[in-house]
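The primary structure of each chain is shown beneath.
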Amino acid sequence: MAFTACFIVGLVTYFSLPVSLLPDIDIPQITIQVSSENASARELENTMVAPVRRQLMQVSGLSELRSETRDGSGIIRLSFEFGTNTDLAFIEVNEKIDAAMNSLPKDAVRPKAVKASATDIPVFYLNLTLKQDVPYAETDDRAFMDMCELAENVVKRRIEQLPQVAMADMTGVPQRMLRIVPDVDRLEAIGMGIADLENILSANNVEPGSMLVRDGYYEYNIRIVSLLRTPEDVENIYFNADGRILQLKDVCSVQSVTQNETGRSLAGGRRAVTLAIIKQSEENMDNLKREL
């Protein structure tokens, strides 16, 4: 009977225990991110990093503390002894940061504490590339932006709907912006300048907020948005020029282009959109692989 009971328990746990490449453990490290725009490394070290570091040196269980400061940002890395309860250490670190806020400048942004965990490490990387791309060659920006839109609105959302997935972190997607190139000759012909064009854009790119409308026992929260998002939104703006009603597309050209890139994701030499799949800590790795 004892053997049968152990066999049944083992059979049940064999199909229910999670299987993962990494154990669900907390890494005994906490990182503090300090930021201040337009501040030099020396100024940031003296005004923000040093006061926070003095407070963090009092955290219990601390084995090593390292800090690095550069123009505009600083990082403080805390390493704890193995066996330390990182949840309690994380709470204590935030308390020390709050205590250090009295010594920081009034307009300083509160430093952010980030706790490391093995479950934050991606278990899969999914790369999306264009079929017609040639390795280490230029990519069709319009086709790539369409693929980025597909990856963000369809692929990423469907992957995150899987019960085994905690999140899908997407990289390699460039930010879009609207490039407006005015026709100077046409503007001068109707007696307008660049400043007038900027005023028209500012007047039509507003977000008034929301209003509350009451109708008897009911209340309706109405949100009004008038932001320029697409080239058509800008081209179809009407304005009055000495009694003539014109549209912006008559005096300028509008294009949707990518902003200056600070990084790029490559797969096999081809420009790619990369999805880092992070697993739920209690889920089975084989089930995630099959469902993905």
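Quick note: structure is the one above.
What you are looking at is a predicted structure, and each value in this text was computed from that prediction instead of being measured.

Asks: Lay out the sheet that holds strand β3 (residues 73–80) with the relevant residues and their values.
Replies: Sheet architecture is open: four strands sit in the order β2-β3-β1-β4, paired in antiparallel fashion. At either end of the open sheet lies a strand with only one pairing partner, and these are β2 (62–70) and β4 (112–117). Each neighbouring strand pair of the sheet contributes to a mean axis angle of 20 degrees, computed without reference to strand direction. Docked against the sheet, helix α2 (residues 41–56) engages β1 (26–35), β2 and β3, running at close to 165 degrees with respect to β2. Sheet strands in contact with helix α3 (residues 86–100) are β1, β3 and β4, and its direction is about 20 degrees off that of β1.

Asks: Any chance you could break down the packing of α2 against α3 for me, citing the residues and the numbers?
Replies: At a minimum axis separation of 9 Å, α2 and α3 run at an interaxial angle of 135 degrees. Our classification of the angle between α2 and α3 gives oblique. Viewed along their axes, α2 and α3 form a crossing whose handedness is right-handed. Contacts between α2 and α3 pair P51, V52, Q55 and L56 from the former with V93, K96, I97, A99 and A100 from the latter.

Asks: Summarise unusual backbone geometry; cite the residues concerned and give the values.
Replies: For Y136, which is not glycine, the phi torsion reads 60 degrees and is therefore positive. Secondary-structure assignment places Y136 in the loop between β5 (124–129) and α4 (141–160). A relative accessible area of 70% places Y136 in the exposed class. Of note, D242 is a non-glycine position whose phi angle comes to about 55 degrees, a positive value. Tracing the backbone through its elements, the reader meets D242 in the loop between β10 (238–241) and β11 (244–247).

About the cut-offs
- Residues numbered from 1 in each chain as written.
- Predicted model: local features only at pLDDT ≥ 70, side-chain atom pairs only at ≥ 80, totals over all residues.
- Heavy atoms only, no water.
- Pairing = 2+ DSSP bridges.
- Helix = DSSP H or I, 4+ residues; strand = E, 2+ residues; numbered from the N terminus.
- Axes fitted to C-alpha atoms, helices over the stretch in contact; angles between N-to-C directions.
- Contact = heavy atoms within 4.5 Å.
- Parallel < 35°, antiparallel > 145°, perpendicular 65-115°, else oblique.
- Left-handed = near helix turned anticlockwise from the far one by under 90°.
- Buried < 20%, exposed > 50% of the residue type's maximum accessible area, 1.4 Å probe, protein only.

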